[in-house]
Amino acid sequence: MKRFYHFLAVLIVLTFAGSVYAQESPPVVFTVEQCIEYALKNAVSAKNATLDEEIAQAKVKETIGIGLPQVSGSVSVDHNNKLRRFFTTYDPNGGFIDLSGVPGIEDGDVVAAQNFFQLKSSGDAGININQIIFNGSYLVGLQASSAYKNLAYKNSAQTKEQIIQQVTKAYYGVLINKERAELFTSNIGRIDTLLRNTRAMVDNGFAEGIDADRIQVALNNLITERDKFNNLNELGIYLLKFQMNYPMADPIEVSGSIQDVQVNVNIESYKENWDYKSRADFQVLEANKKLQELNIKNQYAQSLPSISAFANLGYSTQSSSLGGIFKTNSNIEDAGGVGPDKWYGYSMFGVSLNVPIFGGLQRTFKVQQEKLTLQKINNGFENLKSGIDLEIKLAAVNFDNAIKSLTSQKQNMDLAGKVARVTKIKYEQGVGSNLEVVDAENGLREAQTYYYDALFDAMIAKVDMDKAFGKLTETEIKK
């Protein structure tokens, strides 16, 4: 019993130690490239896009397989407990049945006799082989399967573009909050130092107690604001995990600095050598157009003759009983090609030609429907181009406004910082008021908030502009 309690105690200690170790395990640190790479592998939409690519590849192989020889085998065993009667007309001068001794039977009467052409049990085992020689729809199908595969890859690229956009925005949100959290720590430290210096001045009679109270209020408000911000920052981290499909319970951190993010770029450089085909959605529409053109081509191909070769090989037998199919009477030799309960081989091969003769009217209207659908896709190109032009214009304007606002807020923050420093020095030298110091600190924090908001807006505007110009791709991110 003592050994049992000793083992139980050791087990509890090890379990507790493992739990503590798991709780204290350091969080995984991600760069923006690593966040995107993780999301492209683990996000549900990315996984489904990859599965669509694999489905398309399998579809191509399936279509190719249609043109290969098709071989099928079959085995059947039948037993007719009661065979169908054999019907014929009575011919007294000959025929299969002699009814001359039956009264009332006249020439030409319909008679039914036992089926002496078939035994009650039969068996058959054979192989059927078919090979396409020429089929217009099959040839078009090969092209369509390749176009379908291309469409799957284009859809996958568009899905990845959306993932990159969402993950990048979430990452920038966490990165901005990380910088702002450090700024909160710096501001709190500075206000706390000012509070201690003010209290010392109060103790020495150089300041009033109300001056320390004002700073204490400012410090309390700043600490409360920091706590609220930390809670909101947790939501930003959860959003990033959600976009990456990262386990919510596992800790995560982002590396880098906002200073490393290239925000101010030349918009004109984006417009050089730009084409609508750079956009993933435009490429998807092109792939759909290619498929629709092949649909029209397939309608015409169905009116062409098709040629195929075939061969049937097998063995068959009949017996008066079901058990006789599975045995061979070796005591009686085959006489003249006939033997009891034996399996005999057969074979047949040939070529078949299938020529559509009637149905042209139906096919004509099918072609008309497919052509109208193609016209709708062509109209979609016009609408998509207009939408892309509008998106680029909006993205460029928003980015330009964001950069201007960022420049202005950066200047305001620098000036507010300068005012706060000068005001603090004047106060410590006795030539400034405490109220001016508190106002200057509040102005600095307000300017800092506006600056980081403007910086985040500029970063998001940059992401939207990359997406508008088709640069938000996996290849571009890795550059």
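Criteria and thresholds
- Along each chain, numbering runs from 1 in the same order as the chain's sequence is written.
- Totals for whole chains, interfaces and linings use all residues, but because this is a predicted model, local features are given only for residues with pLDDT of at least 70 and pairs of side-chain atoms are given and counted only at 80 or more.
- To get the side-chain values, all heavy atoms of the structure are used, and hydrogens and water are removed first.
- Secondary structure elements are defined from DSSP: runs of H or I of at least 4 residues count as helices, runs of E of at least 2 residues count as strands, and each element is numbered from the N terminus.
- Partly exposed describes any residue whose relative accessible area lies between the buried limit of under 20% and the exposed limit of over 50%, with all areas from a 1.4 Å probe on protein chains only and scaled to the type maximum.
- Residue contacts are counted whenever heavy atoms from the two residues lie within 4.5 Å of one another.
- To measure how exposed things are, a 1.4 Å probe is used in the Shrake-Rupley method; for residues, cover is taken only from the protein chains shown.
- Angles run from 0 to 180 degrees between N-to-C directions of axes, and those axes are lines fitted to C-alpha atoms, restricted for helices to the stretch in contact.
- When an angle is under 35 degrees it counts as roughly parallel; over 145 it counts as roughly antiparallel; between 65 and 115 it counts as roughly perpendicular; any other value is oblique.
- For this classification, the nonpolar set comprises Ala, Val, Leu, Ile, Met, Phe, Trp, Tyr, Cys and Pro, the charged set comprises Asp, Glu, Lys and Arg, and every other residue, Gly included, is treated as polar.
- Residues adjacent in sequence count toward polar contacts only when both atoms are side-chain atoms; beyond that, a polar contact is any pair of N or O atoms within 3.5 Å, and within protein one must be able to donate a hydrogen and the other to accept it.

Hey, could you run me through the overall build of the protein chain in this one?
Helix and strand counts for the protein chain come out as 10 helices and 8 strands. Every one of the 479 residues in the protein chain was classed for burial, and the buried ones make up 32%. Partitioning the contacts of the protein chain with sequence separation of at least 6, the portion at a separation of at least 24 is 85%. Of the accessible surface of the protein chain, which amounts to about 29700 Å², a share of 55% is contributed by carbon and sulfur atoms.

Mind showing me how you'd approach the environment of Met248 here?
Here Met248 is to be found in the loop between α5 (209-244) and β6 (252-254). Classification of Met248 by relative accessible area gives partly exposed; the value is 38%. Separated by 10 residues in sequence, Met248 and Tyr238 place their C-alpha atoms 6.8 Å apart. Among residues more than four places away in sequence, those in contact with Met248 are Tyr238, Lys241 and Phe242.

Before we go on, may I ask you to explain the packing of helix α4 (residues 136-203) against helix α9 (residues 434-468) in this structure?
Between two packed helices, the angle of one axis relative to the other and the distance separating the axes together describe the packing. It is the contact of α4 with α9, at a shortest axis distance of 10 Å, that shows an interaxial angle of 170°. Put simply, α4 runs roughly antiparallel to α9. Considered class by class, the residues forming the contact of α4 with α9 number 13 nonpolar, 8 polar and 10 charged.

Would you mind showing me how to read the side chain of Asp281 here?
Relative to the helices and strands, Asp281 resides in helix α7 (residues 280-301). At 2.9 Å, the side chain of Asp281 and the side chain of Arg279 are in polar contact. Filtering out sequence-adjacent residues up to four positions away, Asp281 remains in contact with Gln158, Leu384 and Ile388.

Coordinates in, geometry out; function isn't part of it.
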